[in-house]
Amino acid sequence: MPAGQSAEISLPEELFQHNVHPAYLTITLEQRGKVEWDEGTYAVAWTQALVSQPTEQGLVNGLGSAQSALSTNSTKTTISVSGANWSFEFDRIRGHLRKWTHNSRSILEPSPDTGLAMVPGFWRPPTDNDVPQAAPYWKRFGVNCLTNQFRSLNGSTLEDGSVCIESETFISPPVLSWGWKCLARYTIKPNGSLSITMNLQPTGAAPSTVPRVGLNLRANSDLQAARWLGLGPGESYPDKKIAQKFGLWNVDDIASLQTVYDIPQENGNRMDTAWVEILAPNGTGFRASPQKSTVVNGGTGSLSWTASQYSDETVEAARHTCDLVKDDAVFVRLDDHVAGVGSAACGPGVMDEHLVKVQDLTFGMVLEPISS
């Protein structure tokens, strides 16, 4: 087509028939002839446009269709909910999920520090841009050392056969007079999926912002591969994502998700994700996706995530890449809100629109097992 002219191109009708995931139109401009520095076709520029949004009905369809009667067992310290080949164990002393097993394989495991496999998370290792202002501000409020204080935990069976575990905890620094009242609702369905809804209410003299809001998961170290539908293949943050494409991506090694900086710091986040799968070599693992219904209560209805064998504490303490030591676990973060990175090491900080404000918030995630 000559320069300066326009034309209409019809899109295939089947593009709008699938309402489970977002659909994007990708337009790529390529060099007509070969260039010396590229053996293949050289892409001059590309752009994407969202052409179809998923519907709520499409999103709630889980991976597993097998249904089984649920069994609940309570002790003084735990509540276990199990099906034919899986089980979830909740800690009655700490108020959150302690363990998840599927097909005799451990999926999520308790942390030696917290005794839990999944907890609300608000901290991330500081970036070089966080060091001048943001990190000292957050640490002054103790965002880096929040503790989980138990209040209550109750279980009930719903009409559809699902089991609901509701807990209340208070998440706060050890000595400061502020924190989040955390109301967690865990719904275990007969197909073995876990729906998580977190309602967070800040109290006291809280900071105005935090690095992120989401969940910290400790997964089995065998889960070394990742597959996701979202921005990729590289890392992305609210103010650092235009260079990434929405698509279906996969890696065979969790280590390849890391962006290696000379000084270890926060890295490897992926934004605008419809779902992510964390998998073992034999294809077993789990899928995580956001609950779109929580967007009306302050949640984004989107998913940001990271996966690494380095804990946040290890990354933050390391001064050189040789200081990084892998743990015997995969640390997964599933976030509803993530702060931008800005340029405060040599310029302005994060723009206000890319900050994570401390306010009443409800967000949700869905975890589903994957079998080989």
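Rules used in this analysis
- Residues numbered from 1 in each chain as written.
- Predicted model: local features only at pLDDT ≥ 70, side-chain atom pairs only at ≥ 80, totals over all residues.
- Heavy atoms only, no water.
- Helix = DSSP H or I, 4+ residues; strand = E, 2+ residues; numbered from the N terminus.
- pLDDT = per-residue confidence, 0-100.
- Contact = heavy atoms within 4.5 Å.
- 1 Å grid on protein atoms, 1.4 Å probe; cavity = no way out; pocket = protein on both sides within 12 Å on 5 of 7 lines; lining within 4 Å.
- Points joined across faces, edges and corners; volume = space filled by probe spheres on them.
- Nonpolar A, V, L, I, M, F, W, Y, C, P; charged D, E, K, R; others polar.
- Buried < 20%, exposed > 50% of the residue type's maximum accessible area, 1.4 Å probe, protein only.
- Pairing = 2+ DSSP bridges.
- Phe/Tyr/Trp six-rings, centres within 6.5 Å; stacked < 30°, edge-to-face > 60°.
- Lys NZ or Arg CZ within 6 Å of the ring centre and 35° of its normal.
- Salt bridge = Lys/Arg side-chain N within 4 Å of Asp/Glu carboxyl O.

**Section: unusual backbone geometry**
Cis geometry marks the peptide bond from glycine 232 to proline 233; its omega dihedral reads 5°. Inspection of the secondary structure assignment puts proline 233 in the loop between β15 (225-232) and β16 (245-251). Even without a glycine there, the phi angle at serine 104 is positive, about 65°. By the element assignment, serine 104 lies in the loop between β6 (97-102) and β7 (105-108). Here the phi dihedral of aspartate 272 falls at roughly 50°; this positive angle occurs in a residue that is not glycine. Turning to its location among the elements, aspartate 272 is positioned in strand β17 (residues 270-273).

**Here's the deal with the confidence of the model for the protein**
Averaged over the protein, the pLDDT score is 91; the fraction of residues at 70 or greater is 93%. Low confidence marks residues 57-62, where pLDDT is under 50. Its contacts with residues over four positions away, or in another chain, come to seven contacts.

**Considering empty space enclosed by the protein**
Per the stated rule, a full pass over the model turns up one cavity of 30 Å³ or more. The volume enclosed by the largest cavity comes to roughly 40 Å³. A per-class count over the lining of the largest cavity returns six nonpolar, one polar and one charged.

**A word on the layout of surface pockets**
If a probe as big as a water molecule is rolled over the atoms, it shows which places are left empty. In this model, the largest pocket occupies a volume close to 970 Å³. Around the largest pocket sit 40 residues that line it, and Thr114, Val119, Asn216, Asp312 and Glu313 are the ones nearest its centre. Counting residues per element, the ones that place at least two in the lining of the largest pocket are β8 (118-121), β9 (147-157), β14 (212-219), β20 (303-308), α3 (312-317) and β21 (330-338).

**Digging into the pairing of strand β11 (residues 178-188)**
Counting buried residues along β11, eight of its eleven residues qualify, which places the element largely inside the surrounding structure. As paired elements, strand β10 (residues 163-172) and β11 share nine bridges and run antiparallel to each other. Its bridge partner being in β11, glutamate 168 is matched across the sheet by leucine 183. Between β10 and β11, which follow one another and run antiparallel, lie five residues. Relative to strand β12 (residues 194-204), β11 is paired through eleven bridges, and the arrangement is antiparallel. Following the sheet pairing, lysine 181 is matched in β12 by glutamine 201.

**What about the packing of aromatic side chains?**
In total, this model carries ten aromatic pairs according to the counting rule given. A ring pair is formed by phenylalanine 122 and tryptophan 180, whose centres lie 4.0 Å apart and whose planes are at 10°; its orientation type is stacked. Here phenylalanine 122, found in the loop between β8 and α2 (134-140), pairs with tryptophan 180, found in strand β11; they are 58 residues apart in sequence, far enough to count as distant. For the residue pair phenylalanine 122 and tryptophan 180, the accessibility class agrees, reading buried in each case. We note lysine 245 situated over the ring of tryptophan 46; from NZ or CZ to the ring centre the distance is 5.0 Å. A cation over an aromatic ring shows up here: arginine 287 above the ring of tryptophan 275, its NZ or CZ 3.9 Å from the ring centre.

**Concerning the pattern of salt bridges**
For side chains bearing opposite charge, pairing can occur when the charged atoms are close. Per the stated rule, a full pass over the model turns up 16 salt bridges. Its salt-bridge partner being arginine 105, residue aspartate 222 comes within 3.3 Å of it at the nearest N-O pair. Of this pair, aspartate 222 sits in the loop between β14 and β15 while arginine 105 sits in strand β7; the two residues are 117 residues apart in sequence, bridging distant segments of the chain. Accessibility expressed as a relative area gives 23% for arginine 105, which makes it partly exposed. Of the charged contacts in the structure, one is a salt bridge between arginine 333 and aspartate 312, with a shortest N-O distance of 3.5 Å. Taken together, the positions of arginine 333 in strand β21 and aspartate 312 in helix α3 put the pair 21 residues apart, joining distant regions of the chain. Among the residues examined, arginine 333 registers a relative accessible area of 7% and is labelled buried. If you follow the salt bridges from partner to partner, you end up with Arg212, Glu266, Asp312, Arg333 and Asp335 in one network.

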